[in-house]
Amino acid sequence: MGRSASDRFGADEWRRIRLWGLLGVCVLAVVGVVCWFTPVLSVRTVRIESTLAVPEQQVRDLLEIPSGRSILRIDTTAIAQRVASIPRVRTARVQRVFPSTVRVTVVARIPVLFYDSPQGEHLLDADSVEFAIEPAPIGVAKLIADHPGADDSVTRAAVSVLAIVPAALRVQVGEVVARSISDISLNLKDGRTVLWGGTDDAERKSAVVLPLLTRPGTVFDVSSPNLVTVK
C-alpha cells in the first residue's frame, strides 16, 4: 500500500527541517571559529574603573592581554586574580563588553586604622588587611596595641569594634587602645574616653553610648551595657 500525500508531505517537511537545522549548525560553527580565532572580536578597548588610590597604570601592567586576542579567549578570572594581587586592591572584577571592550572594575582598600612602627605608619582596612606603609590619611584613628598587625587577634578585634560603633561616634575617635580582645577603649579627639570592652553586645552598646556621651564626664564605660557608668 503506497503512502498518502499527507505522509509524503510530512516526510518532505521533516527533511527540510533537518536540512535547515544542519545548515544552521554549520553557520554557527563557522561564526564561532571566526570569532574565536580571527581579529573580528579582538580586544580594542580596556576600560578601567577605579579610584585614585589604585593607579590605573599599575592595573594595566597586570592585564597581559595579547594584541589581537579575541575577547572570547581572554581569561577574565586570571586577569582579576592578577589585579587583586595589588596590595591596595580589595576586589577586582573583569567583564567582557561586546564587541571589543574589556571592563576592569577595581575596589580599593580604605584605611580604618593605622599603627606606628620604625618603618612608618601601617594602614589597616576593614578586613584587618595591612596594605601599605605610608602616612595615614586625616581622620584615620591610631591603633595602640602590644603586638599590632594583621595576624594579631587583638588587632582584628579592634578593627571589628571600630566597624560596629555608631558612625556618629566613629568620626570622633582619635585612638583605639586594645589591651586584649575584651578590653578595648576609644580615645576621642576631645579628650574623652569610651570603655567599650569586646565585640559582644554590640547592638546594645551602640544604643546606649551616644545618649551617654551627652552627660558631663571624661570616662564613659559601656563595656557592660546594662550597667553603664560615667566618671
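So, a few notes on the structure that sits alongside this text.

Rules and cut-offs
Residues numbered from 1 in each chain as written. Predicted model: local features only at pLDDT ≥ 70, side-chain atom pairs only at ≥ 80, totals over all residues. Heavy atoms only, no water. Pairing = 2+ DSSP bridges. Helix = DSSP H or I, 4+ residues; strand = E, 2+ residues; numbered from the N terminus. Salt bridge = Lys/Arg side-chain N within 4 Å of Asp/Glu carboxyl O. Buried < 20%, exposed > 50% of the residue type's maximum accessible area, 1.4 Å probe, protein only. Contact = heavy atoms within 4.5 Å. Axes fitted to C-alpha atoms, helices over the stretch in contact; angles between N-to-C directions.

1. Focus on the pairing of strand E5 (residues 120–124)
Line of reasoning, step 1. Judged from the five bridges that link them, strand E4 (residues 113–117) and E5 form a sheet pairing that is antiparallel. Opposite Phe114, over in E5, you have Leu123 as the bridge partner.
Line of reasoning, step 2. Linkage of E4 to E5, two consecutive antiparallel strands, is achieved through a turn of two residues.
Line of reasoning, step 3. Here E5 pairs with strand E6 (residues 130–133) via three bridges, running antiparallel. When the sheet's bridge partners are listed, Leu124 is paired in E6 with Glu130.
Line of reasoning, step 4. The antiparallel hairpin formed by E5 and E6 contains five residues in its connecting segment, where Ser128 sits at a positive phi of about 65°.

2. Considerations on the pattern of salt bridges
Line of reasoning, step 1. Considering all chains together, one arrives at eleven salt bridges under this definition.
Line of reasoning, step 2. Among the salt bridges present, the one from Arg192 reaches Asp190, with a minimum N-O distance of 3.0 Å.
Line of reasoning, step 3. For Arg192, a relative accessible area of 17% corresponds to the buried category.
Line of reasoning, step 4. Between Lys205 and Asp200 there is a salt bridge, with its nearest N and O atoms 3.6 Å apart.

3. Description of the environment of Val43
Line of reasoning, step 1. Considering the arrangement of structural elements, one finds Val43 in the loop between helix H1 (5–37) and strand E1 (45–49).
Line of reasoning, step 2. What makes Val43 buried here is its relative accessible area of 17%.
Line of reasoning, step 3. On a C-alpha basis, the gap between Val43 and Ile71 in space is 5.4 Å, while along the polypeptide they are 28 residues apart.

4. Describing the sheet that holds E4
Line of reasoning, step 1. Ordered by their spatial adjacency, nine strands build an open sheet running E6-E5-E4-E7-E8-E9-E10-E11-E12, and the pairing between neighbours is mixed. Of all the strands in the sheet, just E6 and strand E12 (229–230) have a single pairing partner and so form its edges.
Line of reasoning, step 2. In terms of strand pairing, strand E10 (residues 193–197) meets strand E11 (residues 219–221) through three bridges, oriented parallel. Following the sheet pairing, Val194 is matched in E11 by Phe220.
Line of reasoning, step 3. Together, E10, E11 and E12 form the strand contacts of helix H6 (residues 202–212), whose direction differs from that of E10 by roughly 165°.

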